[in-house]
Amino acid sequence: MAITTGWFVAVVIGVFVAQSLGSPNADINPAISFSKFCLHQYSFAQTCIFMLSQLSGAFLGAIGVWLAYLPHWGVTPDVDHKLMVFCTKPAIRAYPYNFLCEMIATAILIIGVAAIFGKATPNGSLAPGIGPYLVGVLVWGIGLSLGGPTGYAINPARDLGPRLAHALLPIAGKGSSEWSYAWVPVFGPFLGGIIAAFLWSFMTS
């Protein structure tokens, strides 16, 4: 409950910050950006810039977390707990099912976001400022219902950026960054995003 609630707040604030800094669509998730590219809403160059920015932001955010908890790394013996501060880890390591869970959860996220900003209200628009809260509630619900099996990355940058930080930072007593699993929370959300984009386009055409 604590983690999912914190993630809910983080998404809300992340969307507000992105909008305030000039990104009206508040793209903070490469899976969403790539799904828009698949639907020809973004150019290839735009998509690459967005995804590099998202990955860089996640990496820098992870450095901030490392600094905030600096005294704790050396006195925390469990390497898994240290890793899970940065990136996701499945409850049961079964790659096909882990991949499927990330794919389903991300598809739900993207269809939900499309509905919120598409036809969520009778006139097709939202009251100013309400959108980020609704996206946060959606992420909160996904975390509470589908977060258990994999830790719900549902965002390739959210997992890959901090995992890179875990690998590169001098974290006292850290273990493996578990790159053997890293492809799941990257490609699962991408595939889920592609499926959701075309499914939503079909349903609303």
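### What to know about the overall build of the chain
Logical step 1: A tally of helices and strands in the chain yields 10 helices and zero strands.
Logical step 2: Start at the N end of the chain and walk to the C end: the helices and strands fall as α-α-α-α-α-α-α-α-α-α.
Logical step 3: On C-alpha atoms alone, the chain measures out to a radius of gyration of 17 Å, which is about the 17 Å that the 2.2 N^0.38 rule sets for 205 residues.
Logical step 4: Based on the C-alpha atoms only, the size of the chain along its principal axes is roughly 55 × 35 × 35 Å.
Logical step 5: When contacts within the chain are restricted to residue pairs at least 6 apart in sequence, long-range pairs at least 24 apart make up 73% of them.

### Here's the deal with the packing of aromatic side chains
Logical step 1: Applying the stated criterion across every chain yields a total of 11 aromatic pairs.
Logical step 2: With a centroid separation of 5.6 Å and an interplanar angle of 75°, the aromatic rings of Phe 34 and Phe 190 are classed as edge-to-face. Here Phe 190 lies in helix H10 (residues 184–204) and Phe 34 lies in helix H2 (residues 30–38), a separation of 156 residues in the sequence.
Logical step 3: Given a relative accessible area of 24%, Phe 34 falls into the partly exposed group.

### Some thoughts on the nonpolar core
Logical step 1: Core analysis: the largest hydrophobic core is formed by 14 residues, its most contacted members being Leu 109, Val 135, Leu 138, Val 139, Ile 142 and Ile 154.
Logical step 2: The residues touching Val 139, leaving out its near neighbours within four places in the chain, are Trp 7, Val 11, Leu 109, Tyr 152 and Ile 154.

### Quick word on the environment of Thr 4
Logical step 1: Within the secondary structure, Thr 4 is located in helix H1 (residues 2–20).
Logical step 2: The spatial distance from the C-alpha of Thr 4 to the C-alpha of Val 139 is 8.1 Å, given a sequence separation of 135 residues.
Logical step 3: In this structure Thr 4 touches Trp 140, Gly 143, Leu 144 and Tyr 152, once residues within four positions along its chain are discounted.
Logical step 4: At a separation of 3.1 Å, a polar atom in the side chain of Thr 4 contacts the main-chain carbonyl oxygen of Met 1.

### Section: the environment of Leu 21
Logical step 1: If you trace the backbone, Leu 21 turns up in the loop between H1 and H2.
Logical step 2: For the pair formed by Leu 21 and Phe 190, sequence separation is 169 residues and the distance between their alpha carbons is 25 Å.

### Side note on the pattern of salt bridges
Logical step 1: One pass over the full model with this rule turns up five salt bridges.
Logical step 2: In this structure, Lys 89 and Asp 80 form a salt bridge, with 3.5 Å as the shortest nitrogen-oxygen distance.
Logical step 3: On the basis of relative accessible area, Lys 89 is assigned to the buried category, the value being 19%.
Logical step 4: A relative accessible area of 31% means that Asp 80 is categorised as partly exposed.
Logical step 5: The residue Glu 178 makes a salt bridge to Lys 89 at a minimum N-O spacing of 2.5 Å. Of this pair, Glu 178 sits in the loop between helix H8 (156–168) and helix H9 (179–182) while Lys 89 sits in the loop between helix H5 (79–86) and helix H6 (95–117), placing them 89 residues apart in sequence. Lys 89 carries the same exposure label as Glu 178, and that label is buried.

### Side note on H1
Residues separated by three or four positions in an α-helix point in the same direction, a consequence of the helix having 3.6 residues per turn.
Logical step 1: Between the first and last C-alpha of H1 there are 27 Å, a value that for 19 residues agrees with the 27 Å anticipated at 1.5 Å per step.
Logical step 2: Tucked inside the fold, the buried residues of H1 contact helix H7 (131–146).
Logical step 3: Of the residues flanking the end of H1, it is Gly 22, one or two places downstream, whose phi is positive at about 105°.

### Here's the deal with the packing of H2 against helix H3 (residues 44–68)
Logical step 1: At their nearest, the axes of H2 and H3 sit 9 Å apart, and the two run at 175° to each other. Compared by their axis directions, H2 and H3 come out roughly antiparallel. The residues of H3 that touch H2, namely those facing Pro 30, Ser 33, Phe 34 and Phe 37, are Phe 44, Thr 47, Phe 50, Met 51 and Gln 54.
Logical step 2: Of the residues assigned to the contact of H2 with H3, the class counts are six nonpolar, three polar and no charged.

### Concerning unusual backbone geometry
Logical step 1: At Ala 26, a residue that is not glycine, the phi angle is positive and equals roughly 50°.
Logical step 2: Position of Ala 26 among the secondary structure elements: in the loop between H1 and H2.
Logical step 3: Classification of Ala 26 by relative accessible area gives buried; the value is 9%.
Logical step 4: One non-glycine residue, Tyr 152, lies in the positive phi region at around 40°.
Logical step 5: Note that Tyr 152 resides in the loop between H7 and H8.

Conventions used here
Residues numbered from 1 in each chain as written. Predicted model: local features only at pLDDT ≥ 70, side-chain atom pairs only at ≥ 80, totals over all residues. Heavy atoms only, no water. Helix = DSSP H or I, 4+ residues; strand = E, 2+ residues; numbered from the N terminus. Rg over C-alpha atoms; globule rule 2.2 N^0.38 Å. Contact = heavy atoms within 4.5 Å. Phe/Tyr/Trp six-rings, centres within 6.5 Å; stacked < 30°, edge-to-face > 60°. Buried < 20%, exposed > 50% of the residue type's maximum accessible area, 1.4 Å probe, protein only. Core = buried A, V, L, I, M, F, W, Y, C linked by side-chain atoms within 4.5 Å. Polar contact = N/O pair within 3.5 Å; in protein donor to acceptor, adjacent residues only side chain to side chain. Salt bridge = Lys/Arg side-chain N within 4 Å of Asp/Glu carboxyl O. Expected span 1.5 Å × (residues − 1). Axes fitted to C-alpha atoms, helices over the stretch in contact; angles between N-to-C directions. Parallel < 35°, antiparallel > 145°, perpendicular 65-115°, else oblique. Nonpolar A, V, L, I, M, F, W, Y, C, P; charged D, E, K, R; others polar.

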